[in-house]
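Chain and residue survey
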Amino acid sequence: MKTINILAIESSCDETAASVVQNGREVLSNVISSQIEIHKKYGGVVPEIASRKHIENISTVVKEAISESNLSIDEIDAIAVTYGPGLVGALLIGVNYAKSLAYAWNKPLIGVNHIEGHISANYIEDKSLEPPFVCLVVSGGHTHLVYVKGYGDYEIMGRTRDDAAGEAYDKIARALNLGYPGGPNIDKLAKLGNKDAIHFPRAKFNEESLDFSFSGLKSAVLNYINQTKQKGEEVIEADVAACFQEAVVDVLVGKLMQAARLKNCHKIALAGGVASNTRLREVLQKECENNNFSLYRPSLILCTDNAAMIGSCAFFKYNNKEFSDFSLNANSNLEIGKM
Ligand code: KG4
Ligand code: ZN
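Residues numbered from 1 in each chain as written. Chains lettered and ligands numbered in written order. Predicted model: local features only at pLDDT ≥ 70, side-chain atom pairs only at ≥ 80, totals over all residues. Heavy atoms only, no water.

**Observations concerning the packing of helix α4 (residues 114-125) against helix α11 (residues 308-319)**
α11 packs onto α4 with a crossing angle of 90 degrees between their chain directions and a minimal axis gap of 7 Å. Comparing their axes, α11 and α4 come out roughly perpendicular. Across the interface between the two elements, His114, Glu116, Gly117, His118, Ser120, Ala121, Tyr123 and Ile124 from α4 touch Ala308, Met309, Ile310, Ser312, Cys313, Phe316 and Lys317 from α11. Split into classes, the residues belonging to the contact of α4 with α11 amount to 8 nonpolar, 5 polar and 2 charged. (Axes fitted to C-alpha atoms, helices over the stretch in contact; angles between N-to-C directions. Helix = DSSP H or I, 4+ residues; strand = E, 2+ residues; numbered from the N terminus. Parallel < 35°, antiparallel > 145°, perpendicular 65-115°, else oblique. Contact = heavy atoms within 4.5 Å. Nonpolar A, V, L, I, M, F, W, Y, C, P; charged D, E, K, R; others polar.)

**Structural notes on the coordination of the zinc ion (ligand 2)**
The coordination sphere of the zinc ion (ligand 2), as far as protein atoms go, consists of His114 (NE2), His118 (NE2) and Asp305 (OD), spread over 2.0 to 2.1 Å. The sequence pattern describing where the donors of the zinc ion (ligand 2) fall on their chain is H-x3-H-x186-D. Here histidine 114 is found in helix α4, whereas its partner aspartate 305 is found in the loop between α10 (300-303) and α11, with 191 residues between them in sequence. The pair histidine 114 / aspartate 305 is uniform in exposure class, with both members buried. (Donors = N, O, S within 2.8 Å, 3.2 Å for Na, K, Ca; no water. Buried < 20%, exposed > 50% of the residue type's maximum accessible area, 1.4 Å probe, protein only.)

**Here we look at the site of ligand 1**
Lining the immediate environment of ligand 1, one finds 21 residues, of which Gly140, Asp170, Gly183, Asp187 and Asn277 sit closest. Within the side chain of histidine 114, a nitrogen or oxygen atom sits 3.1 Å from an oxygen atom of ligand 1. One of the backbone nitrogen or oxygen atoms of aspartate 305 is found 3.1 Å away from an oxygen atom of ligand 1. Contact with the protein chains covers 90% of the free accessible surface of ligand 1, which is 560 Å². Secondary-structure elements contributing two or more residues to the shell around ligand 1 are α4, α5 (165-175) and α6 (182-190). Ranked by residue count, the leading element in the shell around ligand 1 is α6, at 4 residues. Tallied by class, residues from the shell around ligand 1 come to 5 nonpolar, 13 polar and 3 charged. (Near = heavy atom within 4 Å. Polar contact = N/O pair within 3.5 Å; in protein donor to acceptor, adjacent residues only side chain to side chain. Areas by Shrake-Rupley, 256 points an atom, 1.4 Å probe, with all protein chains shown as cover.)

Written out as structure tokens, the structure is:
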């Protein structure tokens, strides 16, 4: 089989990233320039600033990715880029840069869905993983339960009806003055708290629904903080963090296991920034051991935004000859499994 090297670019949110991936599974380089320090002082991502920083960084990041791969431009077979979902201004920088390279170097262009990219991080982590498997994608903007039927063939089994899991983490972190991004900070603080101290609600629709909702939980936590302060009592932040996290993890793990049973599929995977959460990984691992399921989890650097996952996803599109033309445009609301 011919070796296929793909240069991938990711700029959908606050990371400018480029990577060279061989045959969808081997990462030859993975360069990530994070803007977190810049957005921290605003308490969240400022879209205008994100776009400007992508413009400033993209050339250097791409050059570094090529140079670290030790490949010549001739050895690169295609240019892949995230074209949605995400911040439209941020996406446009990556899309236009990738189009220019594809044109100048006369290489095929492959537009990649960011969420499909997150799922594909699992192919890099575990070289033997093949579909079908059930994947929980939990990031700052998305919470999806996906049945991966084949490479590039997805069925959405459930999704959030309001906030994404990561968004809930970030909002609660803000209420606890933990700063942006909230997820890692809550993760750390929760280790010091008592997860049984406060009972927060778990959103339940009817038994069959695999949808999620985090807005009720968010309100319950905010109300608890306000009411405790009004009573003149001390808010034990570590307990709030631990109990909030327990409620999120409980629902995520419960629905993921339910989805796997429904498909009679014993392979389950995690993806997205929240997939790096220690408690989620721990609870899910136990649950999988108890049920004899195989669990796939990307290492932390492949959970949060990166371009290697985009290069992996693009390889399977390359095999299917799913190329984009120069009319490729950013689509901030791109749905999974859609062109
Ligand atoms: O996948 P990602 O890097 O970007 C999006 O595509 O959204 O995910 C970022 C999200 C943020 O909301 C961040 O707070 C959350 O992932 N996150 C975590 C952890 N690390 C990152 N949430 C919980 N626990 C973590 N350890
Ligand atoms: Zn992401």
